[in-house]
Every structure is written in C-alpha cells, then in structure tokens.
Amino acid sequence: MATYQISRDGYYGTFGGAYVPEILYKTVEDLRRSYLPILESEEFQSQYHQLLADYVGRPSPLYYANRMSERYGCRLYLKREDLNHTGAHKINNAIGQILLAQRLGKKRIIAETGAGQHGVATATVCALMGMPCRVYMGALDVERQHSNVQRMRMLGAEVFPVESGNKTLKDATNEAIRDWCCHPSDTFYVIGSTVGPHPYPDLVARLQSVISQEIRCQLQEKEGRPWPDTLMACVGGGSNAAGTIYHYINDARVRIVLAEAGGMGVETQQTAASLNVGTVGILHGSKIMVMQTDDGQIQEPYSISAGLDYPGTGPLHCHLFQSGRAEVLPVNDDEALSAAFELTRLEGIIPALESSHALALLPKIKFRPDEVVVLTVSGRGDKDLETYLRHME
Ligand SMILES: *Cc1c(COP(=O)(O)O)cnc(C)c1O
C-alpha cells in the first residue's frame, strides 16, 4: 500500500530529510528524539487543547455555504480557520511549538515571517507565555506589511529587519537560521509552515491536524459520515492544507485538490507555483520542489498573496503531487481576486488572499450534485482589504 506518512528518517517518498549545518545537528537531533513523546503526552495534549478551545476559539465552525453550493452544484462546507484568534490557522502551530519549546527548557523564541502572519501568531503566544521573541523579517516586507509589524511590536516582540539579498522571506529565513546557529542551546526556532529540516514538517502537520480531526466530527454530525468526497485548500509551505487532509491522507474515497499561487501565470516568470514549475533542490534544510535557475540559484517568487509567495513547497505536498495523491492546480492573481469578491458577496465572508486561491478552484472542478466538498478558509481578509479595494470591479 502507498504510504503518505513520514518515514523514520524524515522522508515523504524522496522528499524531506534534514540538511542542516554541523553546528545545528545536536539541536535538531534532540528535537527529533523528543517531539513525539512530548506531543503525545497527556500533559501536553491537555494544555494544548485547553488553549485551542479557550484562547483560539476552537473548534472552528464547519459552515454549510448555501449560496455557494447552489452556484457550484455541490454540497460545499467551509472550514472557518478565519475565525481563529489572530485571524488564521497559524496560531494552532505557534501554540504547539512554544509549549514544546518550554518542555525542552528553551528560554528564547525566534521566528521568520514574510507577510507577518506567522510573526504575529508567534509574538502573540510569546506574550501569553511571557517569553522573549525576535522575529526576522525582510526589510522590504517590514515596509510592505506595516500593520503586522506594529502588531508584533505592541505584543512585545522585537522585529529585526533583514537588509541582505532581496530583503524578503528567503533572506529573513537565512538570518533566523544564522541566529539559531549562534544560540542552539537556549533558543527555539518556531517555523511557520510544513517546511524546514525534519522533524519540522511532521511537527507542524501534527499540530495543524486538529483541523481534520474536527472536520471528521463535524461531518459525522452534519452528513452522517465522517469523510467528505473532496477536500480543498491553498498551499504556500503547506500547513493549512496538511491540517485539512491529515486524517484522510490514506483514505482513497477522499479526493484532494490543492491550489498553489500562479501569480501572473505559470508560463511567466511572475509565479510562485513551485510544484508546477519547480525542480528538486534543497531549500531551508529540506529536499523539496524549488523554483530555481539552471545553475541552482533560487528564483524570486511572485504572488499577489504574501502568504503564498515562497519559492518552494513542503516535502509532504511534493510527495502528494508527485505520486498523484493530490491534484495541485495553479491559481492566478486575477482568479483569486474574483473568488474573494464572490465569497464576500454570496456569503458575507471576506477571505484572506491566500484562502481566495483555494476558493478559485471551485469553477475549475466538475462536481456531482450530492458531492460533499470541504474547503478550508485559512484566514480572514482584513489584512488584504487595501489590495481588494484597489482591484474592486
Ligand atoms: C501563511 C498563510 C497561508 C500559507 O501557509 P501554509 O503553510 O501553506 O498554510 C495560507 N493562508 C493564510 C491565511 C496564511 O496566513
């Protein structure tokens, strides 16, 4: 039987692994040895789920979208991660990793952020736990994402602008790794998606798997069976998609359709569709599909959505794509924008630009009238209002 679970040495098929500098070897190895026993302990589980319930507001609703269902001729449910505290799914992961960091005796938290969503989630949990937090962010992103920078500063985090390279996410990640190399024993690096060296992709997928765990119970209640026919989500690094599909990966009854950012189109240079246009390479400690030039230089990605604007995709999704278990379709900027306006006008929900990419899958797929579709709305659109209004039809 095909397996989509991670192997003992940290691979999904041929993707993944832990390609880290010598100086981080012990830190990553300690994490690898301890993460499962800690995550599976009753004490961790009880504190984690208590916080998810009382602080994040989980379970997030599974909402039957009546007018959208009529439009697309299926039974469409939206998994409402947009209703979480801080406005997206990223808080599920930040809470879990910081609880883990405390149990490993770490005193200081670092993170990298592009749009600032992961930075805000991490800064939020650090405020909650009274831990010092430094967030690396490309200097260009600091300028572009001013309101998230202000939120992080209000939360007490130190935002560190990175002036090297293109001054965006990739450079912020390099700088965070440099910091980690200098302080491996007292610092925990909170990674925001299913990327990075093993065990991070598996750790993040497990922490986000609360999404599919809830979908099972909610579908059982609403449809009388725990599985959907089709699951849909957007993929940047892959964490909200991993959480959405986690408990269904080996269930062949469930079709998985994912959206990656096409930008201006996969045939142009202005894209972030790393599964559709990338090739195998090593990025941020892991063997994955990367957008790169012939001589292995990372190609600067482009998407209207900052959260999907990453030159690679996590190893789980590379494997799902390569093995055919998941369909991964590119969605262009203009398609995502239309989908956002459609959801807003039909259901009164303003989605994050990232989530709009998942919504834009709907017109691309043919459904049976009784088909049960669950689509994850990974975040809310408050942060994207200016972009939306600039493109208002
Ligand atoms: C960061 C982000 C994403 C992309 O990250 P994944 O790890 O692929 O989920 C998607 N949606 C929102 C709202 C985000 O903030």
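Before reading further, recall that the structure is shown in the block above.
The structure reproduced in this document is the subject of the present report.

Calculation notes
- Residues numbered from 1 in each chain as written.
- Predicted model: local features only at pLDDT ≥ 70, side-chain atom pairs only at ≥ 80, totals over all residues.
- Heavy atoms only, no water.
- 1 Å grid on protein atoms, 1.4 Å probe; cavity = no way out; pocket = protein on both sides within 12 Å on 5 of 7 lines; lining within 4 Å.
- Points joined across faces, edges and corners; volume = space filled by probe spheres on them.
- Helix = DSSP H or I, 4+ residues; strand = E, 2+ residues; numbered from the N terminus.
- Nonpolar A, V, L, I, M, F, W, Y, C, P; charged D, E, K, R; others polar.
- Phe/Tyr/Trp six-rings, centres within 6.5 Å; stacked < 30°, edge-to-face > 60°.
- Buried < 20%, exposed > 50% of the residue type's maximum accessible area, 1.4 Å probe, protein only.
- Near = heavy atom within 4 Å.
- Polar contact = N/O pair within 3.5 Å; in protein donor to acceptor, adjacent residues only side chain to side chain.
- Areas by Shrake-Rupley, 256 points an atom, 1.4 Å probe, with all protein chains shown as cover.
- Patch = residues over 30% accessible without salt bridge, like charges linked within 9 Å, V, L, I, M, F, W, Y side chains within 5 Å.
- Salt bridge = Lys/Arg side-chain N within 4 Å of Asp/Glu carboxyl O.
- Pairing = 2+ DSSP bridges.
- Axes fitted to C-alpha atoms, helices over the stretch in contact; angles between N-to-C directions.
- Contact = heavy atoms within 4.5 Å.
- Domains from an automatic or database assignment.
- Parallel < 35°, antiparallel > 145°, perpendicular 65-115°, else oblique.

The subject of this paragraph is empty space enclosed by the protein. Evaluated as defined, the whole model comprises two cavities of 30 Å³ or more. Here the largest cavity defines a volume of roughly 60 Å³. In terms of lining residues, the largest cavity is bounded by Thr27, Asp30, Leu31, Leu104, Lys106, Trp180, Thr187, Phe188 and Tyr200. Residue assignment for the lining of the largest cavity shows that the elements contributing at least two residues are α1 (25–40) and β8 (187–190). By residue number, the principal contributor to the lining of the largest cavity is α1, which donates three residues. For the lining of the largest cavity, a count of residues per class yields five nonpolar, two polar and two charged. For the second largest cavity, the calculated volume is near 30 Å³.

Looking now at the packing of aromatic side chains. A complete count under the given rule lists eight aromatic pairs for this structure. Taken together, a centroid distance of 5.2 Å and an interplanar angle of 65° make the contact between Tyr64 and Tyr77 edge-to-face. Here Tyr64 is found in strand β3 (residues 62–64), whereas its partner Tyr77 is found in strand β4 (residues 75–80), with 13 residues between them in sequence. Assessed through its relative accessible area of 3%, Tyr77 is described here as buried.

For the ligand, the set of nearby residues contains 18 residues, the closest of which are Lys90, Ser193, Gly236, Ser239 and Ser378. Take His89: an N or O atom from its side chain is 2.9 Å from an oxygen atom of the ligand. Within the backbone of Gly236, one N or O atom sits 2.7 Å away from an oxygen atom of the ligand. If the ligand stood free it would expose 390 Å²; the protein chains cover 97% of that surface.

On the surface, a cluster of nonpolar side chains totalling about 360 Å² of accessible area is made up of Ile350, Leu385, Leu389 and Met392. Overall, the relative accessible area of 54% leaves Leu389 in the exposed class.

We now examine the sheet that holds strand β5 (residues 108–113). Read from one edge of the open sheet, four strands run β7-β6-β5-β8, paired in parallel fashion. The sheet is open, and its two edges are formed by β7 (158–162) and β8, each paired on a single side. The sheet shows a mean angle of 25° between the axes of neighbouring strands, taken without regard to direction. Two elements, β5 and strand β6 (residues 133–138), share five bridges in a ladder whose sense is parallel. What sits directly across from Ala111, in β6, is Val135. In the packing of helix α5 (residues 117–129) onto the sheet, contacts are made with β5, β6 and β8, and the angle to β5 comes to roughly 165°.

Below, the discussion takes up the layout of surface pockets. Any space left empty among the atoms is revealed by the rolling of a water-sized probe across them. Its volume calculated, the largest pocket comes out at about 830 Å³. For the largest pocket, the lining is made up of 35 residues, of which Arg144, Gln145, Ile304, Ala306 and Thr387 are closest to its centre. Of all the secondary structure elements, the ones that give two or more residues to the lining of the largest pocket are α6 (139–144), α7 (146–154), α8 (169–182), α15 (353–359) and α16 (385–390). For the lining of the largest pocket, the leading source of residues is α16, giving four residues. In terms of residue class, the lining of the largest pocket is built from 11 nonpolar, 13 polar and 11 charged. In this structure, the lining of the largest pocket is formed jointly by two domains, domain 1 (12–51 + 90–204) and domain 2 (58–88 + 209–390), each of which donates at least three residues. Counted as a void, the second largest pocket has a volume near 570 Å³. Considering the residues around the second largest pocket, the lining is formed by 45 residues, among which Lys90, Glu112, Leu169, Gly192 and Ser193 are closest to the centre.

The next subject is the packing of α1 against helix α2 (residues 42–56). For the pair α1 and α2, interaxial distance at closest approach is 5 Å and the crossing angle is 65°. Taken together, the axis directions place α1 and α2 in an arrangement best described as roughly perpendicular. In contact with Ile38, Leu39 and Glu40 of α1, α2 contributes Glu42, Phe44 and Gln45.

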